[in-house]
Amino acid sequence: MAKDSSLRAVGWARSLPLNSGAKTARDWTRAHLETLAWSRTSPDLVDSVVLAVSELVTNAHVHAHSAAQLILTWDEECLHVTVHDSSPRLPEPRDPGTSAPGGRGLLLVGALADDWLAYHCPRGKKVTACFQPPPQPAPR
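Below is a summary of the structure that appears in this document. (Residues numbered from 1 in each chain as written. Predicted model: local features only at pLDDT ≥ 70, side-chain atom pairs only at ≥ 80, totals over all residues. Heavy atoms only, no water.)

## Topic: helix α4 (residues 105-112)
Three or more residues of α4 are buried, namely Gly105, Leu106 and Val109. Down the axis of α4, the smallest arc covering the buried residues is 90 degrees, so these residues share one side. Tucked into the core, α4 has its buried residues touching α3 (43-62), β4 (115-121) and β5 (124-131). (Buried < 20%, exposed > 50% of the residue type's maximum accessible area, 1.4 Å probe, protein only. Helix = DSSP H or I, 4+ residues; strand = E, 2+ residues; numbered from the N terminus. Arc of directions from axis to C-beta. Contact = heavy atoms within 4.5 Å.)

In structure tokens:
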């Protein structure tokens, strides 16, 4: 029997205006990850995704002075976390040193995600981080 090669994906999107905090993004993300049962199977991964979402949305609000469009897409291999903002300026990881109060957001995202990238789009930029769940043990 041939394996179905069509891509199956599920996704969610949320607009986060400047007056909404990162907590709104975290809570919304955690609720949607519940539908994937990751809270039960991969709770540490859920925490990593939620922290990365918080950093990416905060970056859109603080550095781009923009609303953030948060999109979660699960394609059965990777959870793609995408944040769009209206600034065309791509983020650049930096070394904030030990005394700076901030500047570690992309370093955290890079440490938490399996991969991330930033790219221009017609009305600003998108930053996408990919999270792959650990393989589940085969049933006995």
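## Here we look at the state of the cysteines
Inspection of the entire model under this criterion finds one disulfide. What pairs with Cys78 in a disulfide is Cys130, and their sulfur atoms sit 1.7 Å apart. With Cys78 in the loop between β2 (68-74) and β3 (79-85) and Cys130 in strand β5, the pair connects residues that are 52 residues apart, well separated along the chain. Among the residues examined, Cys130 registers a relative accessible area of 14% and is labelled buried. (Disulfide = S-S within 2.5 Å.)

## Considering the layout of surface pockets
If you add up the space inside the largest pocket, you get close to 530 Å³. Lining of the largest pocket is provided by 24 residues; of these, Asn59, His63, Pro91, Glu92 and Leu106 occupy positions nearest its centre. In terms of residue count, α3 provides more of the lining of the largest pocket than any other element does, six residues in total. Broken down by class, the residue content of the lining of the largest pocket amounts to 10 nonpolar, seven polar and seven charged. (1 Å grid on protein atoms, 1.4 Å probe; cavity = no way out; pocket = protein on both sides within 12 Å on 5 of 7 lines; lining within 4 Å. Points joined across faces, edges and corners; volume = space filled by probe spheres on them. Nonpolar A, V, L, I, M, F, W, Y, C, P; charged D, E, K, R; others polar.)

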